[in-house]
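Now for the letters of each chain:
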Amino acid sequence: MVHHSGSIQSFKQQKGMNMSKSEIAKETSLKPSRRSLPCLVQNYACSKSLSQSTSLFRSVESESQAPTSLTSVSADKTEQVNAEDRKDFVLKCSFADLSDFCLALGKDKDYLDESEHANYDRSLLIKDFVPKDNSESKRRLPKNDMNYIASSGLLFKDGKKRIDYILVYRKSNVQYDKRNTFEKNLRAEGLMLEKEPAVANADIMFIKIHIPWDTLCKYAERLNIRMPFRKKSYYTDGRNKSMGRVHSYFRRLKKWMSQNPMVLDKTAFPELEESDCYTGPFSRARIHHFIINNKDTFFSNATRSRIVYHMLQHTKYENGISKVGICKLINNGSYIAAFPPHEGAYKSSQPIKTHGPQNNRHLLYERWARWGMWYKHQPLDLIRLYFGEKIGLYFAWLGWYTGMLIPAALVGLCVFFYGICTMNASQVSQEICKATEVFMCPLCDKNCSLQRLNDSCIYAKVTYLFDNGGTVFFAIFMAIWATVFLEFWKRRRSTLTYTWDLIEWEEEEETLRPQFEAKYYQMERVNPISGKPEPHQPSSDKVSRLLVSISGIFFMISLVITAVFAVVVYRLVVMEQFASFKWNFIKQHWQFATSAAAVCINFVIIMVLNLAYEKIAYLLTNLEYPRTESEWENSFALKMFLFQFVNLNSSIFYIAFFLGRFVGHPGNYNKLFNRWRLEECHPSGCLIDLCLQMGVIMFLKQIWNNFMELGYPLIQNWWSRHKIKRGIQDASIPQWENDWNLQPMNIHGLMDEYLEMVLQFGFTTIFVAAFPLAPLLALLNNIIEIRLDAYKFVTQWRRPLPARATDIGIWYGILEGIGILAVITNAFVIAITSDYIPRFVYEYKYGPCASHFEYGENCLKGYVNNSLSFFDLSELGMGKSGYCRYRDYRGPPWSSRPYEFTLQYWHILAARLAFIIVFEHLVFGIKSFIAYLIPDVPKNLYDRIRREKYLVQEMMYEAELEHLQQQRRKSGHPVHHEWP
C-alpha cells in the first residue's frame with residue numbers, strides 16, 4: 001500500500017493568494033508520495049517551455065486531433081482567475097503531463113483524457129532550477145537566431161526561410177522530367193524549394209530547400225526523434241549533501257592548482273541543454289511538454305538536415321517501386337550533388353576573444369581545427385552537434401586512441417633508452433667489437449670476401465637497442481595495453497552514447513540499394529519487419545557470389561605474395577652487384593644498401609597495389625549485391641582491410657620469420673632456381689633488417705597519407721578558387737556556392753580514416769617487440785592527424801550529412817582480431833627473430849653460470865663464440881686455408897658428424913616452442929582477466945541509467961493512480977488516496 005497525505009494545497013495558496021473553499025475543492029488533487037518526489041521536480045525551464053509552447057500546440061491541434069490536457073480548468077474558474085494568475089498557473093505540470101509523457105513512450109492512451117492538475121510540496125526536493133543571467137552567454141555563444149542566419153546568407157530571397165539543404169544540377173542536363181516530378185513531389189511532402197543560378201558558372205543551378213515547422217514536427221514524430229522535455233533533477237539526502245561538501249572542498253583546492261593547458265576554455269562553447277535533459281520521442285500531441293524556447297533553434301541544424309535527407313531518400317521521381325531517392329537521381333546524372341550547407345565562413349575579420357564566434361563552423365575552426373590547438377582537448381559535443389554522432393564518435397575514438405598511446409610511447413621510449421644506456425656494457429656487443437681475429441664466411445658467392453666479425457660492431461650495438469632485456473616486458477605490456485585500450489574505449493563509448501542520448505536509439509530500417517532492387521526485383525519476399533514485399537536474393541545465388549568473392553580475395557593475396565617474392569629476387573640479384581660496387585661506402589655496407597633499396601621499392605609496390613586493391617575490392621563487393629548500404633560498407637571495409645593489411649605486412653613477415661632461416665651452410669647453400677643463393681642475416685642478426693623495414697614503411701606511409709588527405713584537397717580547392725576568380729570580377733559568392741566549390745567527402749565515408757588508423761594500430765602492436773619506437777611514431781602522427789582531419793572537415797570538405805551511430809561498427813571487431821594476432825606474432829618475434837632464447841639457453845645451460853653461479857660473474861661470457869660454427873675454407877675452392885665462422889649451431893669439420901645440427905640447436909628449438917606456448921597462454925590469460933575486471937559500462941553511469949528508468953516508472957505509477965482515482969470520481973465512488 002502506498003498512502004498519501006490527505007492535506008491539500010492549491011496553487012493559489014503556494015503563491016500567497018486567497019481562494020475560496022469551493023475554488024480549492026475544484027483543484028483538489030492527490031499529493032505525491034515521498035518516493036515519487038524526484039520524478040515530479042518541476043523547474044523553471046520546463047515551466048517556461050510549457051507556457052511558451054501553448055501557441056505552438058494550438059497551431060497543430062487540428063492536425064494532430066489530440067485533446068490537450070494543459071490547464072484544463074472549468075469555465076467558471078477561468079473567469080475568476082485573471083491573466084497573470086493564469087500565466088502562473090500554466091507553470092505547473094500535472095499528472096496528466098506525466099501521463100502524456102508515458103504516451104510519448106508508447107504507453108496506454110487511456111491516460112490522456114480527463115486529467116486534473118496536482119500541486120506538489122517541493123520543499124523536500126533539491127532547489128529549483130534558477131535561470132542564469134544570459135547576458136554573458138549571449139555575448140560569447142554563437143548566434144543561433146535568425147539574425148545570425150541572415151548574416152550568413154543562408155536564407156531564401158524573402159529573408160525569412162532558412163536553407164536546410166542544397167541540390168545542384170546542370171541546366172544542360174536533359175533529364176528535366178525526372179527533376180520536375182521529384183521537385184513537385186517534394187513540395188507535396190511539405191518542403192519549400194527555391195532555385196538560384198550560380199554566380200561563377202552559368203550552367204549550374206542550385207535548389208535551396210527549406211523545411212517548415214509543421215513538416216518538421218510531422219517527420220520528427222514519424223522518425224521518433226528524441227527531444228528534450230525536462231531538466232534532469234535528482235532527490236538528495238544527507239549523505240549526498242556531505243559528499244557535496246567534500247566535492248566543494250576539492251573544487252576550492254583545485255583553484256589553487258595551476259590550470260591544465262590542455263583543457264579547452266569552456267566560456268567560448270555553447271551550453272548544450274539537451275544533454276542535461278530527459279528526452280522522449282517527439283509528439284505533436286504532447287508538444288507542450290518539450291522545452292521550446294525558439295522554434296528556429298528547437299531542432300538543431302543536424303536534425304533538420306537528417307529529416308530533409310530522409311524525405312529526399314523516400315520521394316519518387318517516376319512511377320515504379322524502385323524509382324525513389326536522391327541517390328538514384330545523382331547516379332543517373334539528374335543532379336550532380338546534394339549536401340547540407342555549412343553555417344557560414346570559418347574565418348572572421350574580428351577576433352573571437354572580443355567579438356565571439358560568428359557560427360559553429362567558425363568556433364570549430366578557432367578552437368579545434370587550427371594547428372595552434374594541437375595540444376588541446378577536442379570539443380566532442382560541438383563536433384557531434386555540427387557533424388553528427390557518427391563523425392563525433394570517430395574523433396572521440398581517435399582522441400582516445402591517441403591519449404592511450406602516451407603511456408605506450410613512454411614505455412617504449414624507456415626500453416629504447418635502456419638499450420642506449422646499457423649498450424656499451426652489453427657482453428654480446430663487447431665480444432663482437434673485440435673479435436678482430438674472427439673471420440666470417442663470405443655472404444655471397446662471387447664478389448664477397450672474408451669479413452672480420454668486428455666490422456659488425458655498429459650493427460651489433462644498434463641491434464641491442466631493440467633486442468635487450470626489456471623486449472619481453474614491452475611485448476607483454478603492449479599486449480595488455482591493447483586490451484586495456486579496447487575495454488576502456490567501450491566504457492568511453494557507453495558514456496558518450498548516454499551523453500548524446502543514443503542509449504535507446506535504434507537505427508531505422510535501411511532502404512534497399514538500387515543495384516539490389518534492379519537485380520532481384522522479380523523475386524520478392526515479405527520483409528518480417530515492415531511486412532511489405534521487397535526483392536529477395538536466393539540463398540544459392542548469395543553463396544555462389546560469396547565463393548567468387550572469396551576466390552578473388554585469395555587471388556589478390558597471392559598477388560601480394562608474388563610481389564614480395566619479386567622483391568626477394570631483387571635482393572638476391574643486387575646483393576652481388578652492391579658487394580662489388582665502385583663506391584667504397586656501399587661496398588662496405590652492401591647489406592644495408594640492399595635492404596634500404598628493397599624497402600623503398602617495396603613501398604612503391606605497396607602504394608601502387610593499394611590503388612588496384614581499392615578498385616578490385618569495389619568490384620568484388622558489387623558482385624556480392626549487398627542488400628543495404630551498411631552491408632555494402634562492412635563488406636567493402638573488410639576486403640580493404642585484408643588487402644592492405646597483407647600488402648603492408650607481407651614483406652615484414654618474410655623478414656621476421658623467413659629471412660636467413662633456410663640458407664643451408666657454407667659448401668651446401670640452398671639456391672633459388674639453382675642460380676641465386678638465398679640471403680643470409682647480418683652477423684649481428686636479422687632484427688636490424690626488421691626494424692629498418694618497419695621504420696621506413698611506417699614513416700613514408702604516414703607522410704603519403706597526410707599529403708593525400710590534406711595536400712590533394714588543398715590543391716583542388718585552390719584550383720577551383722582560381723577558376724572562379726578568373727571567370728568573374730568583384731562578385732559576391734553565396735555560402736552554398738562556396739560549399740559547392742569544396743571537395744565532397746569521400747564516397748566511402750569514414751572508411752579511409754578508420755582504415756588508416758587500424759592499419760597503424762596493427763603496426764603499433766603486431767611487431768612492437770622488434771620496434772619499440774612504433775608507439776612513439778604513431779603518437780606523433782596522430783597528434784597531427786587529429787588536427788589535419790579537423791581542418792579537412794571544417795575547411796576543405798563540404799559539410800557531410802550528420803549521420804547517427806552508436807559505435808565504430810565493424811572496426812571494433814577488427815581491432816580485437818589485431819590484438820589477438822599481436823600476441824602470437826610478438827611471441828614468435830621474441831622466440832625466433834631475436835636472440836633472446838639462444839642467450840637464455842646459453843646462460844643457464846652452456847655458459848659459465850650453468851654449473852655454478854658466483855656473484856658478479858657475467859653469465860653470457862663466451863656467447864658469441866658459442867653461437868658461431870666453424871667451416872673449413874679449403875672446401876670453398878678459394879685457395880685459402882684455415883677456418884671461417886658462420887651463424888648456426890652445427891658440428892665443426894673435425895667432428896664425427898661435420899656440419900650436422902648439434903644438441904644445443906635442438907635445446908634452443910625446444911626452448912623457443914616452450915616460450916611461445918607459455919607466453920601466449922600467460923598473455924591471453926592476463927588479457928581475459930583484465931577484460932573481465934573492466935565492466936563495459938561504468939558503475940555510476942549504470943546507476944544513472946537505472947535511476948532514469950526508475951523515474952519513468954514512477955511517472956507511470958503516479959499517472960496510473962491519478963487515472964484510477966478519476967475513474968472513481970466519475971463513477972461516484974469515494975476516493976481513498978491509496979491503491980484499491
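Residues numbered from 1 in each chain as written. Predicted model: local features only at pLDDT ≥ 70, side-chain atom pairs only at ≥ 80, totals over all residues. Heavy atoms only, no water.

## Quick look at the overall build of the protein chain
And then number 1: Helix and strand content of the protein chain: 36 helices and 16 strands.
And then number 2: Burial statistics for the protein chain: of 980 residues in total, 51% are counted as buried.
And then number 3: Sequence-distant contacts in the protein chain: of pairs separated by 6 or more residues, those separated by 24 or more amount to 76%.
And then number 4: Total accessible area on the protein chain stands at roughly 47,300 Å², and carbon and sulfur atoms take up 58% of it. (Helix = DSSP H or I, 4+ residues; strand = E, 2+ residues; numbered from the N terminus. Buried < 20%, exposed > 50% of the residue type's maximum accessible area, 1.4 Å probe, protein only. Contact = heavy atoms within 4.5 Å. Areas by Shrake-Rupley, 256 points an atom, 1.4 Å probe, with all protein chains shown as cover.)

## A short note on the state of the cysteines
And then number 1: In the structure shown here, the tally under the stated rule is three disulfides.
And then number 2: One disulfide bridge connects Cys 433 with Cys 457, the sulfur atoms lying 1.9 Å from each other. Handedness of the Cys 433-Cys 457 disulfide follows from its S-S torsion of about 80°: it is right-handed. Here Cys 433, found in helix 20 (residues 427–434), pairs with Cys 457, found in helix 21 (residues 457–466); they are 24 residues apart in sequence, far enough to count as distant.
And then number 3: Given a relative accessible area of 16%, Cys 457 falls into the buried group.
And then number 4: One disulfide bridge connects Cys 441 with Cys 884, the sulfur atoms lying 1.9 Å from each other. Between Cys 441 and Cys 884 the sulfur-sulfur dihedral comes to about 85°; the bridge is accordingly right-handed. Pair noted here: Cys 441 is in the loop between strand 7 (439–440) and strand 8 (451–452) and Cys 884 is in strand 16 (residues 883–887), with a separation of 443 residues, a long-range link.
And then number 5: A relative accessible area of 0% places Cys 884 in the buried class. (Disulfide = S-S within 2.5 Å.)

## Here we look at unusual backbone geometry
And then number 1: A positive phi angle, near 60°, is found at Asp 501, a position not held by glycine.
And then number 2: Of note in this structure, Tyr 625 is not a glycine but carries a positive phi near 50°.
And then number 3: One can find Tyr 625 in the loop between helix 26 (590–624) and helix 27 (629–657).

## Concerning the pattern of salt bridges
And then number 1: The final tally for this structure, using the stated rule, is 25 salt bridges.
And then number 2: Of the charged contacts in the structure, one is a salt bridge between Glu 343 and Arg 799, with a shortest N-O distance of 3.9 Å. Here Glu 343, found in the loop between strand 6 (337–339) and helix 16 (352–355), pairs with Arg 799, found in the loop between helix 31 (774–796) and helix 32 (810–833); they are 456 residues apart in sequence, far enough to count as distant. Neither residue differs from the other here; Glu 343 and Arg 799 are each classed as buried.
And then number 3: In this structure, a network of salt bridges that share partners links the residues Arg 306, Arg 384, Glu 389 and Arg 804. (Salt bridge = Lys/Arg side-chain N within 4 Å of Asp/Glu carboxyl O.)

## Regarding the confidence of the model for the protein chain
And then number 1: The predicted model of the protein chain has a mean per-residue pLDDT of 76, with 74% of residues at 70 or higher.
And then number 2: Counting contacts from residues 1–144, a segment whose pLDDT is below 50, to residues more than four positions away or on other chains yields 253 contacts.
And then number 3: Predicted confidence for residues 234–242 stays below pLDDT 50, and this span has 15 contacts to residues more than four positions away or in other chains. (pLDDT = per-residue confidence, 0-100.)

## Brief notes about the nonpolar core
And then number 1: Among the nonpolar cores identified, the biggest contains 152 residues, and Trp 368, Phe 387, Trp 397, Tyr 401, Trp 481, Phe 641 and Trp 811 are the most heavily contacted of them.
And then number 2: In terms of residues, this core owes the most to one element, helix 19 (residues 389–421), which gives 15 residues.
And then number 3: Ignoring anything within four residues of it in the chain, the contact list for Phe 641 reads Leu 755, Val 758, Leu 759, Trp 811, Ile 814 and Ile 818.
And then number 4: Grouped together as the second largest cluster of nonpolar side chains are 35 residues, Ile 209, Cys 217, Phe 299 and Leu 312 included. (Core = buried A, V, L, I, M, F, W, Y, C linked by side-chain atoms within 4.5 Å.)

## With respect to the environment of Leu 710
And then number 1: Assignment of secondary structure puts Leu 710 in helix 28 (residues 687–727).
And then number 2: Taking the C-alpha atoms as reference points, Leu 710 and Tyr 791, separated by 81 residues in sequence, lie 8.4 Å from one another.
And then number 3: With near-sequence residues (within four places) excluded, Leu 710 lies in contact with Trp 371, Leu 788, Tyr 791 and Gln 796.

## Overview of the sheet that holds strand 2 (residues 192–197)
By definition, the strands of a sheet pair up through backbone hydrogen bonds, in either a parallel or an antiparallel sense.
And then number 1: Here four strands make up an open sheet; going across it, the order is 2-3-1-6 and the pairing antiparallel. Looking at strand neighbours, the two that pair on one side only are strand 2 and strand 6, the edges of this open sheet. Taking the axes of each pair of neighbouring strands and ignoring which way they run, one obtains an average angle of 20° across the sheet.
And then number 2: Summarising the sheet, strand 1 (residues 165–170) and strand 3 (residues 204–210) pair through six bridges and their orientation is antiparallel. Of the residues in strand 3, the one forming a bridge with Ile 166 is Lys 208.
And then number 3: Relative to strand 1, helix 14 (residues 301–313) is tilted by about 45°, and along the sheet it contacts strand 1 and strand 3. (Pairing = 2+ DSSP bridges. Axes fitted to C-alpha atoms, helices over the stretch in contact; angles between N-to-C directions.)

## Section: the packing of aromatic side chains
One pair of aromatic rings is described through two measures. These are the centre distance and the angle between the planes.
And then number 1: Throughout the structure, instances matching the rule amount to 56 aromatic pairs.
And then number 2: Sitting over the ring of Phe 870, Arg 885 keeps its end group 3.8 Å from the ring centre. (Phe/Tyr/Trp six-rings, centres within 6.5 Å; stacked < 30°, edge-to-face > 60°. Lys NZ or Arg CZ within 6 Å of the ring centre and 35° of its normal.)

## Section: the pairing of strand 15 (residues 868–872)
And then number 1: Within strand 15, four of the five residues are buried, leaving the element largely enclosed by the surrounding structure.
And then number 2: The pairing of strand 15 with strand 16 spans five bridges and is classified as antiparallel. Counted as the bridge partner of Phe 870 is Arg 885 from strand 16.

## A closer look at the UniProt feature "transmembrane region" (unreviewed entry) in the protein chain
And then number 1: Mapped onto this numbering, the UniProt entry gives "transmembrane region" (unreviewed entry) at residues 394–420, 471–489, 546–570, 590–613, 641–663, 758–780, 808–832 and 905–934.
And then number 2: In this annotation, residues 546–570 is assigned 100% helix and 0% strand; the end-to-end C-alpha distance for the span is 36 Å.
And then number 3: For residues 808–832, the helix share is 92%, the strand share is 0%, and the end-to-end C-alpha distance is 36 Å. (UniProt positions renumbered as here; feature names shortened; annotations may be inferred.)

## Let's talk about helix 19
Given 3.6 residues per helical turn, the α-helix brings residues three or four places apart onto the same face.
And then number 1: Helix length check: helix 19 (33 residues) gives 48 Å between terminal C-alpha atoms against 48 Å at 1.5 Å per residue, within 8%.
And then number 2: Maximum bend of helix 19: about 30°, positioned at Ile 406, with proline Pro 407 one to four residues after it. (Expected span 1.5 Å × (residues − 1). Bend = angle between axes of the 7 residues up to and from the residue.)

## Points about a nonpolar patch on the surface
And then number 1: A surface patch of nonpolar side chains, amounting to about 470 Å² of accessible area, comprises Val 543, Leu 546, Leu 547, Ile 550 and Phe 554.
And then number 2: Take Ile 550: it is sitting in helix 24 (residues 539–579). (Patch = residues over 30% accessible without salt bridge, like charges linked within 9 Å, V, L, I, M, F, W, Y side chains within 5 Å.)

## Points about the packing of helix 22 (residues 471–499) against helix 32
When two helices pack together, their arrangement is given by the angle between their axes and by how far apart the axes lie.
And then number 1: In contact at an axis separation of 10 Å, helix 22 and helix 32 are set at 170° when each is read in the N-to-C sense. If you check the angle between helix 22 and helix 32, you find them roughly antiparallel. In this structure, helix 22 uses Thr 471, Val 472, Ala 475, Ala 479, Leu 486, Glu 487, Trp 489 and Lys 490 to contact helix 32, whose residues at the interface are Tyr 812, Leu 815, Glu 816, Val 823, Asn 826 and Ile 830.
And then number 2: Tallied by class, the residues present in the contact of helix 22 with helix 32 amount to nine nonpolar, two polar and three charged. (Parallel < 35°, antiparallel > 145°, perpendicular 65-115°, else oblique. Nonpolar A, V, L, I, M, F, W, Y, C, P; charged D, E, K, R; others polar.)

## Brief notes about the environment of Ile 406
And then number 1: Relative to the elements of secondary structure, Ile 406 occurs in helix 19.
And then number 2: Taking relative accessible area as the criterion, Ile 406 reaches 40% and is therefore assigned partly exposed.
And then number 3: Distance from Ile 406 to Pro 775, taken between C-alpha atoms, is 8.0 Å for residues 369 residues apart in sequence.

## Focus on the side chain of His 665
And then number 1: Tracing the sequence through the fold places His 665 in strand 11 (residues 664–665).
And then number 2: Discounting chain neighbours no more than four positions away, the residues touching His 665 are Tyr 886, Arg 890 and Tyr 899.

## Examining the side chain of Thr 628
And then number 1: Structurally, Thr 628 is set in the loop between helix 26 and helix 27.
And then number 2: A distance of 3.2 Å separates a polar atom in the side chain of Thr 628 from a polar atom in the side chain of Ser 630. (Polar contact = N/O pair within 3.5 Å; in protein donor to acceptor, adjacent residues only side chain to side chain.)

## As for the environment of Pro 341
And then number 1: As for its placement among the helices and strands, Pro 341 is situated in the loop between strand 6 and helix 16.
And then number 2: Judged by relative accessible area, which is 6%, Pro 341 ranks as buried.
And then number 3: Residues Pro 341 and Trp 736, spaced 395 residues apart in sequence, show a C-alpha to C-alpha distance of 5.9 Å.
And then number 4: If sequence neighbours within four positions are ignored, Pro 341 has contacts with Leu 154, Ile 163, Asp 164, Tyr 165, Ile 166, Asp 739 and Arg 799.

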